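# Descriptive analysis of the structure
As a plain string of letters, each chain reads:
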Amino acid sequence: MVGSTLCRQSLSGASLSGCAVAFGARVVHHRLVGDRPIPDFSVKPTLIGQRVLLRPFQDSDFDGLRAALRDPEAARLTGSVTSSQAVVLAQDPTRERRLREWYSTRNAQTDRLDLAVVDVAGGACVGEVVLNKWDPDNLCCNFRTLIGPGGRDRGLGTEAIRMFIGYGFEQLHLHRISLEVFAFNPRARRVYEKVGFVAEGVLRDALRFDGRWVDATVMSVLAPEWARHRGRP
Ligand SMILES: CC(C)(COP(=O)(O)OP(=O)(O)OC[C@H]1O[C@@H](n2cnc3c(N)ncnc32)[C@H](O)[C@@H]1OP(=O)(O)O)[C@@H](O)C(=O)NCCC(=O)NCCS
């Protein structure tokens, strides 16, 4: 980038919102344009918590990801299907190939960050956390997550989201991270509130599921809020 300075720093063993950050010896998280830090999404970190590890995808993660994506509850809660009768990710070789390709190309993306959520207890990938829709002018991103049935309701999501959002503010220097959560997903909303997301407004009738309209709530965290509570409001 013309006129930019590369900001390099070693973060081996550094602390990030209560988790450890493991990288190679020299790491680039952001560039400086003037005195303004611009996130560098080409760096794919490994974030180490007590219950979860967040790291770049590996080929061996695909079985866990497929199980999470095929789960009917996850498909409903993420708005991926519009009916409880919908067959989620039927055994379709073309679709399977596309999915494999999708996950095998995540580590090469330079405008988003997709990390595997690994259950430290069993060592398996149980889902993903994603910062996407990067808006460089406004230093903001969208957040989304998905944890498969085996990983849910054990505290993994709370820890994973807290670490990941912490990385977004503390290392990527984002100003705003936002998301949408459907009204029929109180568990996700609870977790988002626990780590500091604030409800901003309601998108009325944003989804039609089984013929019924469902609202979605827009939530966000801003950098000054995160600096104050670091995921524990
Ligand atoms: C949302 C998700 C990431 C949360 O992760 P998780 O590991 O299951 O959540 P945790 O175990 O860390 O925490 C769940 C919290 O919700 C609470 N909870 C569970 N069911 C609930 C319900 N029906 N209503 C309200 N709160 C509920 C739990 O008590 C816990 O809160 P607490 O720690 O204060 O007791 C995960 O469940 C998931 O991926 N679900 C499927 C897909 C999805 O919903 N994605 C998000 C779309 S916006």
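### Some thoughts on the overall build of the protein
Tallying secondary structure elements over the protein gives 6 helices and 13 strands in all. In the protein, which comprises 233 residues, the share counted as buried stands at 32%. Long-range contacts, defined as pairs at least 24 residues apart, comprise 62% of the intrachain contacts of the protein with a sequence gap of at least 6.

### A look at the environment of Thr46
Relative to the assigned elements, Thr46 resides in strand 6 (residues 46–48). Thr46 sits 69 residues away from Leu115 along the chain, and the two C-alpha atoms are 8.3 Å apart.

### Observations regarding the site of the ligand
In the neighbourhood of the ligand, 22 residues make up the surrounding shell, with Leu77, Arg152, Gly157, Thr158 and Pro186 lying closest. Listing elements by their share of the shell around the ligand, those giving two or more residues are helix 2 (72–77), strand 10 (140–147), helix 4 (156–170) and helix 5 (186–194). Broken down by element, the shell around the ligand gets its largest block of residues, 6 residues, from helix 5. Of the residues that constitute the shell around the ligand, the class distribution is 9 nonpolar, 7 polar and 6 charged.

### Some remarks on the environment of Leu113
Position of Leu113 relative to the elements: it lies in strand 8 (residues 113–119). With 68 residues separating them in the primary sequence, Leu113 and Pro45 have C-alpha atoms 9.2 Å apart. If near-sequence neighbours (up to four positions away) are discounted, Leu113 is found in contact with Phe41, Lys44 and Leu131.

### Notes on the confidence of the model for the protein
In this model, the protein carries an average pLDDT of 88, and 86% of its residues clear a pLDDT of 70 or more. Low pLDDT (under 50) marks residues 1–14, which in the prediction has 30 contacts with non-local residues, meaning those over four places away or in another chain.

### A word on helix 1 (residues 62–70)
Where helix 1 is concerned, the buried positions are Gly64, Leu65 and Ala68. Angularly, the buried residues of helix 1 cover 100 degrees about the axis, an arc narrow enough to put them on a single face. Here the buried face of helix 1 lies against helix 2, helix 3 (93–104), strand 9 (125–135) and strand 10.

### As for unusual backbone geometry
Comment: phi is negative for the bulk of residues other than glycine, and the bulk of peptide bonds are trans. Even without being a glycine, Lys133 presents a positive backbone phi close to 55 degrees. As for its placement among the helices and strands, Lys133 is situated in strand 9. Positive phi is not limited to glycine here, since Leu139 has a value of about 50 degrees. By the element assignment, Leu139 lies in the loop between strand 9 and strand 10.

### What about the nonpolar core?
One finds Leu54, Val117, Ala160, Phe164, Ile165 and Tyr192 to be the most contacted residues of the largest nonpolar core, which totals 46 residues. Tallying contributions element by element places helix 4 first for this core, with 8 residues.

### Re the environment of Gly211
One can find Gly211 in the loop between strand 12 (198–209) and strand 13 (212–222). Distance in space between the C-alpha atoms of Gly211 and Ser83 is 7.8 Å, their sequence separation being 128 residues.

### Structural notes on the pairing of strand 13
When strand 11 (residues 176–182) meets strand 13, the two strands line up antiparallel, connected through 7 bridges. Paired with Ser178 across the two strands is Ser220, which belongs to strand 13. Pairing of strand 12 with strand 13, which is carried by 8 bridges, proceeds in the antiparallel orientation. Residue Val198 lies in a different strand from strand 13, and its bridge partner there is Ser220. Hairpin geometry of strand 12 and strand 13 is characterised by an intervening segment of 2 residues between the two adjacent antiparallel strands and by a positive phi of about 50 degrees at Asp210.

Reading the values: rules and limits
Residues numbered from 1 in each chain as written. Predicted model: local features only at pLDDT ≥ 70, side-chain atom pairs only at ≥ 80, totals over all residues. Helix = DSSP H or I, 4+ residues; strand = E, 2+ residues; numbered from the N terminus. Buried ≥ 20, exposed ≤ 12 C-beta atoms within 10 Å, placed from the backbone. Contact = placed C-beta atoms within 7 Å. Near = placed C-beta within 6 Å. Nonpolar A, V, L, I, M, F, W, Y, C, P; charged D, E, K, R; others polar. pLDDT = per-residue confidence, 0-100. Arc of directions from axis to C-beta. Core = buried A, V, L, I, M, F, W, Y, C linked by C-beta atoms within 7 Å. Pairing = 2+ DSSP bridges.

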